[in-house]
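For reference, the chains in residue letters:
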Number of protein chains: 6
Amino acid sequence: MQTLLTVKTHFSAAHRLYQPAWDDVKNDQVFGLCANPNGHGHNYELEVTVEGPVNQETGMIMDMKALKTLIQEVVLDRVDHKHLNLDVPFLRGIIPTAENLAVAFWEVLDPRIPAGRLYELRLQETERNIAVVRR
Amino acid sequence: MQTLLTVKTHFSAAHRLYQPAWDDVKNDQVFGLCANPNGHGHNYELEVTVEGPVNQETGMIMDMKALKTLIQEVVLDRVDHKHLNLDVPFLRGIIPTAENLAVAFWEVLDPRIPAGRLYELRLQETERNIAVVRR
Amino acid sequence: MQTLLTVKTHFSAAHRLYQPAWDDVKNDQVFGLCANPNGHGHNYELEVTVEGPVNQETGMIMDMKALKTLIQEVVLDRVDHKHLNLDVPFLRGIIPTAENLAVAFWEVLDPRIPAGRLYELRLQETERNIAVVRR
Amino acid sequence: MQTLLTVKTHFSAAHRLYQPAWDDVKNDQVFGLCANPNGHGHNYELEVTVEGPVNQETGMIMDMKALKTLIQEVVLDRVDHKHLNLDVPFLRGIIPTAENLAVAFWEVLDPRIPAGRLYELRLQETERNIAVVRR
Amino acid sequence: MQTLLTVKTHFSAAHRLYQPAWDDVKNDQVFGLCANPNGHGHNYELEVTVEGPVNQETGMIMDMKALKTLIQEVVLDRVDHKHLNLDVPFLRGIIPTAENLAVAFWEVLDPRIPAGRLYELRLQETERNIAVVRR
Amino acid sequence: MQTLLTVKTHFSAAHRLYQPAWDDVKNDQVFGLCANPNGHGHNYELEVTVEGPVNQETGMIMDMKALKTLIQEVVLDRVDHKHLNLDVPFLRGIIPTAENLAVAFWEVLDPRIPAGRLYELRLQETERNIAVVRR
């Protein structure tokens, strides 16, 4: 039996989808309205799931408060109420699609969680669009 | 690491659960109110998930607008505001349970998506009932 | 100070929007896909709000279980898993738009609730469309 | 009896809360993270409610498709995937708080709807914050 | 035009519905499962709405952060993760129905908000039951 | 292709997180507000997913009404409107964290469902915290 624990958090940010190696025509074709020069934004919902046995003494897979504090420090404090293209050093040079953001968040969270325990990261950009990274 | 992209869509349709090989008593036993001769209906929510590497040039697993257009053309335009037992050729002869609908939608979508990329199709019939098909 | 109590319920039904006094061209112009001859359907959410002073002995505006039982008997048992145009005597002759349904439900509920206590009836047809009747 | 019809729509946009008449210290005190120079963003949900008698021929308070088309043209096409401080002429000079946006949307919608029929405009900025304008 | 601002918060608490002036048989008749001696509990959602003109300098009806801090201090810190019958001095002697809780929260909030500005308090006990107090 | 069917249910209960082998200081460190002696509570959402081939005669993986009845009898009737530490024999001696509850519910449901068919049990304690058990 696999046991998992999921914590849901959220943040609000601006972003722009734009590939600088392309001209504006191609950016418009691929990214449409998302290429708007001044950016647009979203209320992102971020779910982080850890895997592992249930500790018999605490009844917990992991200390949920510690996990929330870690997500706050490593991800949310850096991206909440920011422009993801301009204000976030660890996202520099990345086109901030939901997929790329999910991968980038995984890469900063995974080294801070006991090895192999991070199981899934789910980033909902709008009610219609979701990216998932899973071990 | 597995990377996934999910698109959520919805449609509204009527249906009736009825097995013509049975008499009405058995249909009532198995399908209950869902066997009502004139049908009833739902607001369905359909989530389609594709799997694959993130394209380094676009930051995308797949072009989300193209995926939405495909779902619209192949599924939604045929079922939205229809009676699923009477109006939809590719559902002819199927009892339109959530499970059968999910399988049928998979079968019309899968050939139109690059091989092996369709990962999961999730059909929510009501807030209480969900069918999933997964590769 | 005004005090209110709201009970949320839901039901699933088929319907068709069609004005028999018009030809099909005009029905299509006004009702579009909703005029599909075989009907379509929705998961309706129905909220009923009563108004009144809080009874000091019970801490309640009205007995919520009794209110739910009344809604079940007077509305839900007659419309759940039905075709609203064909199966529901008290809706006969009404085009079952959200507005007309809300008014019809108000008219069957109001006489069964102490005078003046029914305050609002809210019928959500989809996540995008809501009709409200208010005293 | 009052009868109402509500249409829900949504859009995604960036904004910044900043009063140019103040220095940065005061802007930070009043607007906090929302004053971030490069902006942040939200998935806004916009509900527009109209009031009026139910037309006996159509069963409708107002043609919902026409109302949605109007909201699309007058509001959504101008604000969706935009930066509200920089890209939207009719919001020029306004601090784009939820309250100010709701008032501004009311002012562009009201003249396009039969007199007195626009009843309420509700703008949800996040799941926690909502502004309402009501006649 | 009326302008309103709503803040949504939530808390989790245990409670028991029990009228000590009655015997257990009558308590069971009126409160049913809610009279369970050891209590049960809910995730409550509390919405507080203030009314007033939009300040032209800030674009705000009221400072939302200050309003959230006030609700946190005056209500949430006293009821979150508590047993409402046993742990909360300002609820002593009240049967903690949704209606009575909403009235009690209004009474502690209203004196702390500029006169006449508190417009509505909405307490959702479950997805099915909501109490509202309105000026 | 894997086919799954999910049923969503909910219940409301009180609980307390407390390890009797520890002193109060350590309980406070680990469980924080959740260690409140008189308990607190939640609206739990429980999703049960079964796996299996779609029966060609019924179009169903499993009879959904029978599955709902089983969950009602085996889980909900024992925990709804109860104090999970005090009122539920099959939870005696367990710290009622979301993880432990999910495991305990799995253990009472699995023997009552055809072997290998129970696939996943998901227990949402609040909108922020979810435990999952999966075969």
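For the structure itself, consult the block above.
Heads up: these notes are all about the structure in this document. (Residues numbered from 1 in each chain as written. Chains lettered and ligands numbered in written order. Predicted model: local features only at pLDDT ≥ 70, side-chain atom pairs only at ≥ 80, totals over all residues. Heavy atoms only, no water.)

1. Some details on the interface of chain A and chain D
Facing 24 residues of chain A, the contacting portion of chain D comprises 24 residues. Of the roughly 1700 Å² buried between chain A and chain D, counting both surfaces, carbon and sulfur atoms make up 48%. Of all residues in chain A, Asn38, Asn43 and His81 of chain A bury the most surface against chain D, accounting for 33% of the area lost on that side. Viewed at the interface, chain D and chain A are joined by zero salt bridges. Where chain A meets chain D, there are 17 residue pairs in polar contact (both at pLDDT 80 or more). Looking at which element gives the most residues to the side of chain A that touches chain D, the answer is strand β2 (residues 40-51) of chain A, with five residues. Its residues placed into classes, the side of chain A that touches chain D shows five nonpolar, twelve polar and seven charged. (Contact = heavy atoms within 4.5 Å. Buried area = accessible area lost by both parts, 1.4 Å probe. Salt bridge = Lys/Arg side-chain N within 4 Å of Asp/Glu carboxyl O. Polar contact = N/O pair within 3.5 Å; in protein donor to acceptor, adjacent residues only side chain to side chain. Helix = DSSP H or I, 4+ residues; strand = E, 2+ residues; numbered from the N terminus. Nonpolar A, V, L, I, M, F, W, Y, C, P; charged D, E, K, R; others polar.)

2. Brief notes about the pairing of strand β5 (residues 129-134) of chain B
Within β5 of chain B, six of the six residues are buried, leaving the element largely enclosed by the surrounding structure. Across the two faces of β5 of chain B the burial is the same, with Asn129, Ala131 and Val133 of chain B and Ile130, Val132 and Arg134 of chain B all buried. Pairing of strand β4 (residues 118-126) of chain B with β5 of chain B, which is carried by six bridges, proceeds in the antiparallel orientation. Opposite Thr126 of chain B, over in β5 of chain B, you have Asn129 of chain B as the bridge partner. Counting the residues that bridge the hairpin from β4 of chain B to β5 of chain B gives two residues. Where β5 of chain B and strand β1 (residues 2-15) of chain F come together, six bridges link them in antiparallel fashion. (Buried < 20%, exposed > 50% of the residue type's maximum accessible area, 1.4 Å probe, protein only. Pairing = 2+ DSSP bridges.)

3. Observations regarding helix α3 (residues 98-109) of chain D
Counted at 1.5 Å a residue, the expected span for α3 of chain D with its twelve residues is 16 Å, and the 16 Å between its end C-alpha atoms agrees. Here α3 of chain D lies mainly inside the structure; eleven of its twelve residues are buried. If you follow the buried residues of α3 of chain D, they end up packed against β1 (2-15), β2 (40-51), α2 (64-79), β4 (118-126) and β5 (129-134) of chain D together with β1 (2-15) of chain E. (Expected span 1.5 Å × (residues − 1).)

4. Quick word on the pairing of strand β4 (residues 118-126) of chain F
All names here are of chain F. Judged by how many residues are buried, β4 sits mostly within the fold: nine of nine residues are covered. Note: strand β2 (residues 40-51) against β4, six bridges, orientation antiparallel. For Val50, the partnering residue across the bridge sits in β4 and is Leu118.

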